[in-house]
Amino acid sequence: MDKLNSMKTFVEVVNGESFTAAADRLGLSRAQVSKSVMKLESHLGTRLLNRTTRRVSLTEIGRVYFERCKVILNDIDEIESLAGEQTIRPRGTLTISAPTTFGIRHLHKAIPEYLTQYPDVQLSLSLSDRFIDVVSEGFDLVIRIAELEDSTLIARKIAPCKRVLCASPDYLNKNGIPNVPQDLALHHCLVYSNNKQPGTWTLHSEQGSESVKVGGPLLADNGDILKSAAVAGLGIAILPTFIVGPDLRAGRLQIVLPDYCLPEISIYAVFPSRRYVSAKVRTFVEYLSAYFGDVPQWDRY
């Protein structure tokens, strides 16, 4: 069995949702396509596709196999380009995951220009606030906003991420303004649940670091939810300026404890460690770094 051609045929069947569509694209007969997929299933010892008279659909293991096949075939395309060209033209599907709010507020604005510059690239974007395993989930690249730990992954900083303690003027008028970090224990705090220690906030000053246990009416895994609650006067939140920049400019929120700062984090592009980084990943990372810059638009207030 020609495993590579069988994988290509299988991917075409899934993309076209039929053997006939795959046969047309590959210039083969429907019988040849069906036989190729059946041989692949026999070789693997499992069914990859559910077949009906109208369409085909993936089995559970078929979906996993399909995602990995796409990665492998894209890598092969990139390697062949590397071998055959002095200058690689980015092409193929670029699969990306990014945090929901950052994707909706900022990343989406950068994408059209990149795709205009590189028309042979197709971008597949998934937005999620959960931790994404770039390797096991088959992504080419993920956007992470964090203080990164040591890893076998490659991380490239694409923008700074300033965070602030903030609350609405109405909340502070009713509940008082904290003067030192320990005052936060007496306030309603709006907590981001995806942090390692969501109920502990650490702030820095010239005198050192202080940690305080906090709690309040809302625990959420999305920054926009926390921002809305803060604007509504429900409490104090730690939020990145790429979310609350407009609210700070408009006076809907104001910074709390301005003499203290939060641990520094950044916005990174993270991708698997390989000797060969594909042109589509390399150019997208370079493009985002230039697009956002050292002082991103959201911090110009």
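Here the residue numbering is sequential within each chain, running from 1 through the sequence in written order. Only residues with pLDDT of at least 70 get local features here, since the model is predicted, and only at 80 or more are side-chain atom pairs given and counted; chain-wide, interface and lining totals rely on the full set of residues. With hydrogens and water set aside, each side-chain value is computed from the structure's full complement of heavy atoms.

Draft legend 1. Focus on the confidence of the model for the protein chain. Model confidence for the protein chain is summarised by a mean pLDDT of 89, while 95% of its residues fall at 70 or above. Values of pLDDT, which run from 0 to 100, indicate the predictor's confidence residue by residue. Comment: elements are numbered from the N terminus, with helices defined as DSSP H or I runs of at least four residues and strands as E runs of at least two. Of all helices and strands in the protein chain, the one with the weakest mean pLDDT is helix H4 (residues 60-84) (82), whereas helix H6 (residues 169-175) scores best (97).

Draft legend 2. Fine view of unusual backbone geometry. Although it is not a glycine, Glu17 sits at a positive phi angle of roughly 60°. Relative to the helices and strands, Glu17 is located in the loop between helix H1 (3-16) and helix H2 (19-26).

Draft legend 3. Representation of the sheet that holds strand S5 (residues 141-146). The rule for pairing is simple: two strands pair if DSSP sees at least two bridges between them. Across the sheet, which stays open at both edges, the five strands sit in the order S4-S3-S5-S14-S6 with mixed pairing between neighbours. Taken across any chain shown, the strands that pair with only one partner, and hence form the sheet edges, are strand S4 (121-127) and strand S6 (154-161). Shown here is a sheet whose adjacent strand axes are inclined to one another by a mean of 25°, direction ignored. Inspection of the sheet shows strand S3 (residues 92-98) paired to S4 by seven bridges, in the parallel sense. Bridge pairing in S4 places Ile96 opposite Leu125. Residue contacts follow a heavy-atom distance rule, with two residues in contact if any of their heavy atoms lie within 4.5 Å. Interaxial angles span 0 to 180 degrees and are taken between N-to-C directions of axes, which are lines fitted to C-alpha atoms, for helices over the stretch in contact. Across the sheet, helix H5 (residues 100-117) touches S3, S4, S5 and strand S14 (265-271), and the angle it forms with S4 is around 175°.

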